[in-house]
Amino acid sequence: VSTNKPGFVRLYVTAYDDNGKRLTGIYRKKQKAIFFDGGACVAPDTLKGLPEPKDFDAYWNKQREILAKTPLKVLEKKEVKRTNKVVAYDVKIACAGKMPVSGYLVMPVNAKPKSLPAEVSFHGYGVRGSRLNLGAGVNKIYLDINAHGLPNGKPKDFYQNLRKTTLKGYAFDKKENSDPNTTYFHDMYMRIMRALQYVKSLPEWNGKDLRASGGSQGGMQSLAATGLDPDVTDCYAWSPWNCDFGRDKEKRLVGGWHIRHTPALEYYDPINLVKRANPKCKLFIISNLGDYVCPPSGVWIAYNNFPGPKKMEIRQGCEHGYAMKNYPKFTISSKK
């Protein structure tokens with residue numbers, strides 16, 4: 001296979017026996033045809049997305065003004081767990097939009113003022129409450145927020161019902177995505193900014209170390225965080241979702257599980273937001289060459305556009321939800 005322009009080719013291989021019958025194995029606890037899913041690329045460092053909206057910065061400055069009209073107020077802070085090392089709280093923070101920031105806050109017991117780095121963790125696509133990760137808060141402020149501002153710790157039926165009703169197929173509504181103010185990502189990104197503001201307001205934060213982290217939709221949010229808040233100093237993004245919304249329009253990818261391009265979504269594209277990251281912010285990003293939920297072309301554009309010191313791990317034979325055993329990998333990094 002070959003390509004005469006910069007981009008990626010996908011290589012999908014299945015195995016057969018001497019009689020032409022597909023060989024099968026166990027995949028996610030089920031019997032499935034044995035396969036390899038990966039690919040190769042040509043000049044990926046030259047890939048670019050669509051031109052960003054001319055009023056991109058003006059739009060986000062306006063959203064910050066709207067957010068500022070809702071005071072940074074703790075609506076709820078309830079202790080849910082305490083050990084000899086950490087204390088955990090279920091927190092709700094007032095935010096512009098329909099829902100608050102909702103998460104679990106974990107930090108060391110009796111932490112001194114200005115003594116701790118902070119991390120905000122974001123979720124992949126789906127409907128669930130926040131994750132209570134006690135180990136993550138042993139040496140830092142750790143806030144894990146759910147993607148929708150939902151109550152935490154509810155029975156599974158609570159979230160399953162929302163998944164089937166009001167949050168079914170969220171973010172894919174074409175009508176909502178026709179306007180940057182009505183897309184589902186609008187309020188989600190407001191909660192990103194407010195979550196970061198909240199951890200920075202805590203007296204225990206050291207005032208200098210702020211990390212954003214997540215995978216898939218969570219990786220999209222962590223990349224967005226770097227462009228929305230210049231105080232973010234470190235970003236981890238595993239196979240981030242929705243990088244390069246214009247990929248179908250530019251024919252970098254036809255089909256696949258992704259939200260169809262509208263001009264309104266360009267304001268939310270991580271490849272545009274990462275350009276605004278603090279030049280001192282560090283990035284570690286992961287790209288899976290067989291991932292066509294979060295295609296490697298978009299991940300690579302996000303990497304290309306990031307201005308600070310950066311490193312990317314490229315994994316061969318890995319899809320969005322599957323990693324080949326002993327997969328080959330290589331790493332590239334900036335000279336900064």
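Our subject is the structure listed above.
These remarks concern the structure in this document. (Residues numbered from 1 in each chain as written. Predicted model: local features only at pLDDT ≥ 70, side-chain atom pairs only at ≥ 80, totals over all residues. Heavy atoms only, no water.)

In this section: the overall build of the protein chain. Per the secondary structure count, the protein chain includes 6 helices and 14 strands. Projected onto the principal axes, the alpha-carbon positions of the protein chain cover approximately 65 × 45 × 45 Å. By the burial criterion, 50% of the 336 residues in the protein chain qualify as buried. Restricting to contacts in the protein chain with at least 6 residues of sequence separation, those with at least 24 account for 66%. Summing over all exposed atoms, the protein chain offers an accessible surface of approximately 16,400 Å²; the carbon and sulfur share of this is 53%. When the 54 positive and 31 negative side-chain charges of the protein chain are each reduced to one mean point, those points stand 3 Å apart. (Helix = DSSP H or I, 4+ residues; strand = E, 2+ residues; numbered from the N terminus. Buried < 20%, exposed > 50% of the residue type's maximum accessible area, 1.4 Å probe, protein only. Contact = heavy atoms within 4.5 Å. Areas by Shrake-Rupley, 256 points an atom, 1.4 Å probe, with all protein chains shown as cover. Lys, Arg positive; Asp, Glu negative; His and termini not counted. Charge placed at Lys NZ, Arg CZ, Asp CG, Glu CD.)

Outside of glycine, negative phi angles account for most residues, and trans bonds account for most peptide bonds. The phi dihedral of Asn110 falls on the positive side, at around 55 degrees, and the residue is not glycine. Topologically, Asn110 is positioned in the loop between β7 (101-108) and β8 (116-121). Even without being a glycine, Ser216 presents a positive backbone phi close to 60 degrees. One can find Ser216 in the loop between β10 (205-215) and α4 (217-228).

A word on the packing of helix α1 (residues 56-68) against helix α3 (residues 184-201). Two numbers describe how α1 lies on α3: the axes approach to 11 Å, and their chain directions differ by 65 degrees. Read as a crossing pair, α1 and α3 show a hand that is right-handed. Touching Tyr59, Trp60, Gln63, Arg64, Ile66 and Leu67 of α1 are His186, Tyr189, Met190, Met193, Arg194 and Gln197, all from α3. Split by residue class, the contact of α1 with α3 holds 7 nonpolar, 3 polar and 2 charged. (Axes fitted to C-alpha atoms, helices over the stretch in contact; angles between N-to-C directions. Left-handed = near helix turned anticlockwise from the far one by under 90°. Nonpolar A, V, L, I, M, F, W, Y, C, P; charged D, E, K, R; others polar.)

Here the focus is the pairing of β7. Burial analysis of β7 places 8 of its 8 residues in the buried class, which makes it a mostly covered element. Pairing between strand β6 (residues 86-93) and β7: 8 bridges, direction antiparallel. Opposite Tyr89, over in β7, you have Leu105 as the bridge partner. Bridge analysis of β7 against strand β9 (residues 141-145) gives 4 bridges, and the strand direction is antiparallel. Note on β9: the bridge partner recorded for Gly103 is Ile145. (Pairing = 2+ DSSP bridges.)

The tally for this structure, following the rule as stated, stands at 15 salt bridges. Among the salt bridges present, the one from Arg276 reaches Glu52, with a minimum N-O distance of 2.6 Å. In this pair, Arg276 sits in the loop between α5 (270-273) and β12 (282-288) while Glu52 sits in the loop between β4 (35-42) and α1, placing the two residues 224 residues apart along the sequence. When its relative accessible area of 24% is taken as the criterion, Arg276 is described as partly exposed. Among the salt bridges present, the one from Lys329 reaches Glu313, with a minimum N-O distance of 3.9 Å. In this pair, Lys329 sits in strand β14 (residues 329-333) while Glu313 sits in strand β13 (residues 310-315), placing the two residues 16 residues apart along the sequence. (Salt bridge = Lys/Arg side-chain N within 4 Å of Asp/Glu carboxyl O.)

In this fold, Lys310 is placed in strand β13. Of the side chains with opposite charge, Asp45 lies nearest to the buried Lys310, which makes no salt bridge, at 10 Å. For Lys310, the side chain forms a polar contact with the main-chain oxygen of Tyr303, separated by 2.7 Å. (Polar contact = N/O pair within 3.5 Å; in protein donor to acceptor, adjacent residues only side chain to side chain.)

Here the focus is the packing of α3 against α4. α4 packs onto α3 with a crossing angle of 60 degrees between their chain directions and a minimal axis gap of 10 Å. Our pair here, α3 against α4, has a crossing hand that is right-handed. Residues Phe185, Met188, Tyr189, Ile192, Met193 and Leu196 of α3 lie in contact with α4, whose contacting residues are Gln217, Met220, Gln221, Ala224, Ala225 and Leu228.

Under the defined criterion, the tally for this structure stands at 22 aromatic pairs. With a centroid separation of 5.4 Å and 50 degrees between ring planes, the pair formed by Phe35 and Tyr322 is classed as tilted. Residue Phe35 is found in strand β4, and its partner Tyr322 is found in the loop between β13 and β14; the two are separated by 287 residues along the sequence. When the centroid spacing of 5.3 Å and the interplanar angle of 75 degrees are considered together, the rings of Tyr125 and Trp241 count as edge-to-face. A residue pair is termed long-range when its members are at least 10 positions apart, and Tyr125 in the loop between β8 and β9 and Trp241 in the loop between β11 (234-238) and α5 qualify at 116 residues. By relative accessible area, Tyr125 is classed as partly exposed at 25%. For Lys32, the ring lying beneath its charged end belongs to Tyr27, and the centroid distance is 4.5 Å. (Phe/Tyr/Trp six-rings, centres within 6.5 Å; stacked < 30°, edge-to-face > 60°. Lys NZ or Arg CZ within 6 Å of the ring centre and 35° of its normal.)

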